[in-house]
2 protein chains.
Amino acid sequence: MSVQERKERERASRERLIVATARELAEQQGWDAVTTRRLAERIEYSQPVLYSHFRGKREIIGAVALEGATEMAAALRAAASDADGRRARVAALAHAYLEFAERNPAVYDALFQLDGGLAFAQEDTPEPLKDAFAALLETLGEVAGEGVHPALFTELFWSALHGLATLTRAGRLLPEGAEQRLDLLVERLAVL
Amino acid sequence: MSVQERKERERASRERLIVATARELAEQQGWDAVTTRRLAERIEYSQPVLYSHFRGKREIIGAVALEGATEMAAALRAAASDADGRRARVAALAHAYLEFAERNPAVYDALFQLDGGLAFAQEDTPEPLKDAFAALLETLGEVAGEGVHPALFTELFWSALHGLATLTRAGRLLPEGAEQRLDLLVERLAVL
DNA sequence: CTCGATTGTCTAGCGGTGCTAGAATCGAGG
DNA sequence: CCTCGATTCTAGCACCGCTAGACAATCGAG
């Protein structure tokens with residue numbers, strides 16, 4: 001049975017290669033440049049191989065998104081745990097969120113902008129996505145204020161962060177005010 | 001010279017037809033369905049005619065976006081002027097914004113989600129876009145609070161609305177909480 | 001050790017996209 | 001009515017996501 005195990009290992013490793021290459025290509029040249037032909041060429045296999053791992057391009061985007069969600073959750077938790085006090089924790093969390101979006105634009109797009117075929121806010125939502133939301137909830141739930149449902153507050157705060165992230169990156173907001181907008185968001189929205 | 005004038009009128013009218021048809025098709029079947037072939041067929045001309053009016057598909061999206069921006073500005077001003085008192089005005093504005101996004105998803109996408117080749121937050125930003133932001137600023141500037149720059153406050157509030165609009169439509173937020181999230185946003189962010 | 005079956009991969013191609021060169025057609029002015 | 005410039009169309013380019021079917025490599029049985 002060792003032969004079969006080796007094959008499965010190789011197959012799994014090739015799948016990781018596909019996802020990593022897609023992500024790399026997307027970060028370098030944007031998702032438009034991630035075509036099945038270019039991706040196949042980079043991993044040094046033919047196009048149909050991609051389809052033996054994923055149903056189509058959507059699923060590849062989805063795989064990058066899941067990978068990114070795990071990293072994002074970790075980054076958010078790390079930022080929150082490095083800060084002392086509720087105010088500092090919320091500020092650090094918000095800052096970490098926007099920094100992740102800025103440093104990994106392709107991953108952020110895969111998560112929230114493109115169609116990766118992922119379910120959200122439902123029962124069959126993949127674990128990494130739920131966990132990323134949970135990472136937000138852990139810190140933001142503390143500052144929802146009395147009588148306000150923590151999850152609902154988190155959704156609102158998250159929406160604001162998402163809006164800042166996307167509008168900033170699309171050049172819709174002047175970059176100069178970024179820090180002030182973030183301060184104001186934390187100050188006003190959170191009950192400290 | 002009347003012949004030439006007639007031709008110019010006809011040309012302008014055909015351009016309006018292109019934009020209106022693109023918008024209609026996008027609202028009906030999504031922007032993916034708006035291909036140059038389908039669009040050409042609907043206006044009963046061949047593809048190259050599109051390119052005698054617009055540089056390419058991007059510019060057509062941009063034209064829909066500008067049309068939408070004008071309408072949005074009007075809708076926001078109408079909602080604000082119908083309400084009495086600052087709190088009600090801000091709530092009405094926010095509600096009108098989200099309603100516009102929900103009822104005109106294709107236009108909203110053209111404005112903020114797709115690349116219509118439009119400049120933002122710059123000197124050469126088209127007038128309708130500046131005006132839509134101005135419509136937000138007129139109402140939101142009043143509730144920025146002391147020592148907070150009205151434009152910066154408006155950018156933040158707008159970001160939150162944009163986040164709510166996009167995440168809701170992408171199925172990332174549960175629709176049930178929409179009203180509560182909106183109330184909370186107005187209550188917390190605005191200084192009433 | 002050979003041979004058939006199974007598995008894996010590739011070549012080639014389908015119908016679609018945005019966009020454009022050059023042919024064909026139209027219509028206004030002489 | 002005819003000419004000639006402006007307008008519109010036909011046909012085609014290179015690329016897209018995706019897949020059928022040919023081919024090669026590997027495995028297990030005799």
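Residues numbered from 1 in each chain as written. Chains lettered and ligands numbered in written order. Predicted model: local features only at pLDDT ≥ 70, side-chain atom pairs only at ≥ 80, totals over all residues. Heavy atoms only, no water.

Chain A is annotated in an unreviewed UniProt entry as TetR family transcriptional regulator from Streptomyces rubiginosohelvolus.

## Here we look at the protein's contact with DNA strand C
Looking at DNA strand C, there are 18 residues lining it, with Ser46(A), Thr35(B), Thr36(B), Tyr51(B) and Lys57(B) nearest. The share of sugar and phosphate among atoms of DNA strand C within 4 Å of the protein is 53%. Between Ser46(A) and DNA strand C, the recorded distance is 2.8 Å, taken from a side-chain N or O atom to a phosphate oxygen. In this structure, Tyr51(B) approaches DNA strand C through a side-chain N or O atom, which is 2.8 Å from a phosphate oxygen. Grouping the constituent residues of the surface near DNA strand C by class yields seven nonpolar, five polar and six charged. (Near = heavy atom within 4 Å. Polar contact = N/O pair within 3.5 Å; in protein donor to acceptor, adjacent residues only side chain to side chain. Nonpolar A, V, L, I, M, F, W, Y, C, P; charged D, E, K, R; others polar.)

## Overview of the interface of chain A and chain B
Contact residues are listed per partner, giving 34 residues for chain A and 34 residues for chain B. Summed over the three residues of chain A that lose the most area to chain B, namely Leu156(A), Arg172(A) and Arg188(A), the buried surface amounts to 25% of that side. Put simply, chain A and chain B have two salt bridges between them. At the boundary of chain A and chain B, one finds ten residue pairs in polar contact (both at pLDDT 80 or more). (Contact = heavy atoms within 4.5 Å. Buried area = accessible area lost by both parts, 1.4 Å probe. Salt bridge = Lys/Arg side-chain N within 4 Å of Asp/Glu carboxyl O.)

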